[in-house]
Amino acid sequence: MDYKYIEQLLEKYFECDTTLEEEQILRAFFAQQNVPIRLLPYRQLFTETARSKKEETLGSDFDNRILAIISEQESREPRRVKARIVTMQRRLRPLYKAAACVAVVLALGQAAQMPYTGDSEEQENIARTISKPNIMKQENTVAKTDSTAKAEQQTIVPVAN
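Rules and cut-offs
Residues numbered from 1 in each chain as written. Predicted model: local features only at pLDDT ≥ 70, side-chain atom pairs only at ≥ 80, totals over all residues. Heavy atoms only, no water. Helix = DSSP H or I, 4+ residues; strand = E, 2+ residues; numbered from the N terminus. Areas by Shrake-Rupley, 256 points an atom, 1.4 Å probe, with all protein chains shown as cover. Buried < 20%, exposed > 50% of the residue type's maximum accessible area, 1.4 Å probe, protein only. Arc of directions from axis to C-beta. Expected span 1.5 Å × (residues − 1). Bend = angle between axes of the 7 residues up to and from the residue. Axes fitted to C-alpha atoms, helices over the stretch in contact; angles between N-to-C directions. Parallel < 35°, antiparallel > 145°, perpendicular 65-115°, else oblique. Left-handed = near helix turned anticlockwise from the far one by under 90°. Contact = heavy atoms within 4.5 Å. Patch = residues over 30% accessible without salt bridge, like charges linked within 9 Å, V, L, I, M, F, W, Y side chains within 5 Å. Salt bridge = Lys/Arg side-chain N within 4 Å of Asp/Glu carboxyl O. Lys, Arg positive; Asp, Glu negative; His and termini not counted. Charge placed at Lys NZ, Arg CZ, Asp CG, Glu CD. Phe/Tyr/Trp six-rings, centres within 6.5 Å; stacked < 30°, edge-to-face > 60°.

(A) Molecular detail of the overall build of the protein. Of regular secondary structure, the protein possesses seven helices and zero strands. Mapped from its N terminus to its C terminus, the protein presents α and β elements in the order α-α-α-α-α-α-α. Of the roughly 15,400 Å² of accessible surface on the protein, 56% is carried by carbon and sulfur atoms.

Printed below as a string of C-alpha cells:
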C-alpha cells in the first residue's frame, strides 16, 4: 500500500499548513493497528493528542464556581489592609547602600594604587632625584682648575743662585 498522501500530510503538519480535517485524517490513520514501520515514530504524537482531548476538561460553570468560593470566603473574613508606616530611615536605605558601594570601590582603588614594598619614603626620594637632580651646578669647574694651575705656575718665580 502506498502511503504518499499520509507522508504529504505529515510534511504539511510539521509546516503548520494542515486544516482541521487533515489533522483528523492523520489521527484516524495513526489510531489504526496497521501502521507502517517507517511511520511508527509519529504514531505516539497523534495518539497522545487524541487521549488528551478525552481527559477531563473544565466545565462551562467552572468560573462561576470559583467566583462563588471566593465571595464566600470574603463574606466570612473581610480583608483587612494594614497601613505601613514608612520611616525616613527606610526611605533612605537605598541611598545608604549606594554610598556604601561607592566607599568600597574607592577604598579598593586606593589600595590598588599603594605600592607593595612599603618603603614609601625611599621611593619618594628616588622620585625626587629623578625629577630634580640634587647636583649643584658649578660654573666651569674644569676651566677653573686649569686657570688656577696656570696662575700658580706664574706666581712661582725661579730663584737664581
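Structure shown, so let's carry the discussion forward.
(B) Representation of helix α1 (residues 4-14). Ile6, Leu9 and Leu10 are the residues of α1 that are buried. Within α1, the buried residues cover an arc of 105° as seen down the axis, which keeps them to one side. Residue Cys16 follows α1 closely and has a positive phi angle near 65°.

(C) Main features of helix α5 (residues 88-113). If you check α5, its first and last C-alpha atoms are 37 Å apart, about what 26 residues at 1.5 Å a residue would give, namely 38 Å. Roughly 40° is the biggest bend found in α5, and it falls at Pro94.

(D) Quick peek at the packing of α1 against helix α2 (residues 20-31). In the contact formed by α1 and α2, the axes pass within 10 Å of each other and the chain directions differ by 125°. Regarding the angle of α1 to α2, the classification is oblique. Pair α1 / α2 crosses with left-handed handedness. Contacts from Tyr5, Ile6, Leu9, Leu10, Lys12 and Tyr13 of α1 reach α2 at Glu22, Glu23, Ile25, Leu26, Phe29 and Phe30.

(E) Spotlight on the environment of Asp17. Within the secondary structure layout, Asp17 lies in the loop between α1 and α2. Take Asp17: its relative accessible area is 46%, and that puts it in the partly exposed class. Excluding anything up to four places from it in sequence, Asp17 contacts Lys12 and Glu22.

(F) Layout of a positive patch on the surface. Taken together, the side chains of Arg84, Arg90, Arg93 and Lys97 define a basic patch exposed on the protein surface. Within the fold, Lys97 resides in helix α5. Given the relative accessible area of 54%, Lys97 is considered exposed.

(G) Up close: the packing of aromatic side chains. Tallying each qualifying case throughout the model produces six aromatic pairs. Ring geometry for Tyr13 and Phe14: centres 5.6 Å apart, planes at 75°, overall edge-to-face. A residue is classified by how much of its surface remains accessible, and Tyr13, at 21% relative accessible area, is partly exposed. Taking 5.1 Å as the distance between ring centres and 80° as the angle between the ring planes, the aromatic pair formed by Phe29 and Phe30 counts as edge-to-face.

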